[in-house]
Amino acid sequence: MTYLKWFNSHAKKHKKIVDSLKNKTDDEIIEYFRWDNISKSDVDFCPLFKEGKKCHDIQNLNCYLCACPNFRFDDNASKIKSYCSIDSKNGRKLFVNEEIHQDCSGCVVAHSEKYIKKYFDRDWKRIFKRNIQKENEP
Ligand code: SF4
């Protein structure tokens, strides 16, 4: 699966869930996305849910901002297919054949509710767009 396919498919799933919670407050929506809840209520949201697994083995894992808004990708790039826009010290580069991919397995920033509240928007795609725009401001 390409990054873009995943991104669009995940955006659809995210929107469907958020739409179903339209009468809830922002805080209640964020709480709904806690791994302890969403991994049982919406098993198709993430392939790990069916196996009862987490992407990061931490307490209070929240899935609202998966994937991280700092993650950048370009399926058409010849070499760097993905990277971290803030060059986090917790991220790594993964070399696969001739390609470079971002490895976020050591970074949990986007799973904390403090971070999610800072960037919260009911429109998941808009969070990414906003961040990309900010980067490109003069
Ligand atoms: S390394 Fe951390 S901050 Fe950077 S894209 Fe990955 S999860 Fe986000």
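Below is a short write-up of the structure. Counting from 1, residues in each chain are numbered in the order their sequence is written. Per-residue local features of the predicted model are confined to residues with pLDDT of at least 70, and side-chain atom pairs are confined, for both listing and counting, to 80 or more; whole-chain, interface and lining totals are unaffected and use all residues.

1. Some points on the site of the ligand
Selection rule: Each residue gets a C-beta atom placed from its backbone. If that atom is within 6 Å of a molecule or strand, the residue is near it. Any residue outside Ala, Val, Leu, Ile, Met, Phe, Trp, Tyr, Cys, Pro, Asp, Glu, Lys and Arg is labelled polar, Gly included; the first ten of those are nonpolar and the last four are charged.
Taken together, 13 residues are adjacent to the ligand, and Cys 68, Cys 84, Gly 91, Cys 104 and Cys 107 come closest. Its residues assigned to classes, the shell around the ligand shows eight nonpolar, five polar and no charged.

2. Quick word on the nonpolar core
What counts here: A set of buried residues drawn from Ala, Val, Leu, Ile, Met, Phe, Trp, Tyr and Cys, joined through C-beta atoms within 7 Å, is what defines a nonpolar core. Using C-beta atoms placed from the backbone, we call a residue buried if 20 or more other C-beta atoms fall within 10 Å of its own, exposed if 12 or fewer do, and partly exposed for counts in between. Our contact criterion uses C-beta atoms placed from the backbone: two residues qualify when those atoms are within 7 Å.
In terms of nonpolar packing, the biggest core is built from eleven residues, these being Phe 33, Trp 35, Ile 38, Leu 61, Cys 63, Tyr 64, Leu 65, Cys 68, Phe 71, Cys 104 and Ala 110. The residues contacting Phe 33, other than those within four sequence positions of it, are Ile 38, Asn 62, Cys 63 and Tyr 64.

3. Overview of unusual backbone geometry
For the record, the criterion: Numbering of helices and strands starts at the N terminus; helices are DSSP runs of H or I of at least 4 residues and strands are runs of E of at least 2.
Omega for the bond connecting Cys 66 with Ala 67 falls within 30 degrees of zero, at 0°, which places this linkage in the cis form. Assignment of secondary structure puts Ala 67 in the loop between α3 (35–41) and β1 (71–73). With phi around 50°, Asp 87 is a residue other than glycine that occupies positive phi space. Position of Asp 87 relative to the elements: it lies in the loop between β2 (82–84) and β3 (92–96). For Asn 97, which is not glycine, the phi dihedral falls at a positive 50°.

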